Amino acid sequence: MSYDHLADLPLVDLPPAFVAFHEQYYLSYCEYATLLLGNKDEAIEVVDDLFTHLAINWARLMGTESPMAKAWAMLKIVVTAHLDAYERQRAVAETALFRKALDRARDEFEIMESTIGLYTAIAGLSGRLFDVVVLRYVLGYPNQRIAAIMAIEETTVRTHLYQARRKLARDLGIDRHHQIDPS
């Protein structure tokens with residue numbers, strides 16, 4: 001199964017704005033869903049269903065106050081609903097991609113002895129703090145891209161990263177005087 005959802009949509013006149021939205025966000029949504037679900041095929045299915053729903057309801061979505069924020073919120077809702085339907089928890093700590101990416105990011109967090117503690121602490125972050133950490137340190141997106149995906153200001157991304165690092169440091173008992181540069 002590949003990340004080529006547009007090819008599977010019915011041959012109808014899709015709004016150019018939807019096509020652009022799809023091109024810009026589909027892969028990121030799939031990667032994020034894969035981390036939480038722990039299975040690429042399931043993630044693609046969930047994201048495909050979401051994007052099909054978005055395509056059908058595009059005009060209504062565009063009438064909302066913040067369409068991109070609404071789409072991001074809908075992704076989180078459908079992923080959570082999928083996990084709930086199968087009575088599962090977020091698979092972040094168990095996802096091989098997550099482990100590989102965190103091995104690269106471990107130095108930034110100044111954690112050498114307990115990666116499982118870091119996985120658990122990150123999985124325990126709530127809401128936007130969890131999202132920005134996953135998008136930044138696991139998927140490797142720059143702050144500007146994270147802001148676009150989550151439909152928030154770049155300064156808000158930096159604030160959430162700072163807050164997440166402080167919470168992780170506190171939860172893991174790391175000296176907060178060695179904070180990471182909030183880039």
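Attention here is on the structure that accompanies the text. (Residues numbered from 1 in each chain as written. Predicted model: local features only at pLDDT ≥ 70, side-chain atom pairs only at ≥ 80, totals over all residues. Heavy atoms only, no water.)

1. Observations regarding unusual backbone geometry
Okay, step 1: For E87, which is not glycine, the phi dihedral falls at a positive 50°.
Okay, step 2: Looking at the element boundaries, E87 is found in the loop between α4 (67–85) and α5 (96–105).
Okay, step 3: Even without being glycine, A151 reaches a positive phi, approximately 60°.
Okay, step 4: Relative to the helices and strands, A151 is located in the loop between α8 (143–150) and α9 (154–172).
Okay, step 5: When its relative accessible area of 28% is taken as the criterion, A151 is described as partly exposed. (Helix = DSSP H or I, 4+ residues; strand = E, 2+ residues; numbered from the N terminus. Buried < 20%, exposed > 50% of the residue type's maximum accessible area, 1.4 Å probe, protein only.)

2. Some points on the side chain of T34
Okay, step 1: Its place among the elements puts T34 in helix α1 (residues 16–37).
Okay, step 2: Polar side-chain contacts of T34 include one of 2.8 Å to the backbone oxygen of C30. (Polar contact = N/O pair within 3.5 Å; in protein donor to acceptor, adjacent residues only side chain to side chain.)

3. Remarks on the packing of helix α7 (residues 127–138) against α8
Okay, step 1: Axis separation between α7 and α8 bottoms out at 10 Å; the angle between their running directions is 135°. Judged by the inter-axis angle, α7 sits oblique to α8. At the point where α7 passes α8, the crossing takes the right-handed sense. Between α7 and α8, the contacting residues are R128, D131, V132, L135 and R136 on the first element and N143, I146, I149 and M150 on the second. (Axes fitted to C-alpha atoms, helices over the stretch in contact; angles between N-to-C directions. Parallel < 35°, antiparallel > 145°, perpendicular 65-115°, else oblique. Left-handed = near helix turned anticlockwise from the far one by under 90°. Contact = heavy atoms within 4.5 Å.)

4. A word on the nonpolar core
Okay, step 1: Counting 50 residues, the largest nonpolar core has Y29, Y32 and L135 as the members making the most contacts within it.
Okay, step 2: Elements that contribute at least two residues to this core include exactly α1, α2 (40–56), α3 (58–62), α4, α6 (115–123), α7, α8 and α9.
Okay, step 3: The greatest single-element share of this core, amounting to 11 residues, is contributed by α1.
Okay, step 4: The contact partners of Y29, leaving out residues within four places of it in the chain, are F21, V47, L50, F51, M68, A71, W72, L75 and I149. (Core = buried A, V, L, I, M, F, W, Y, C linked by side-chain atoms within 4.5 Å.)

5. Quick notes on α4
Okay, step 1: The end-to-end C-alpha distance of α4 is 26 Å, a good match for the 27 Å that 19 residues give at a rise of 1.5 Å each.
Okay, step 2: Along its buried surface, α4 packs onto α1, α2, α3, α7 and α8.
Okay, step 3: Of the residues trailing α4, E87 is marked for its positive phi of about 50°. (Expected span 1.5 Å × (residues − 1).)

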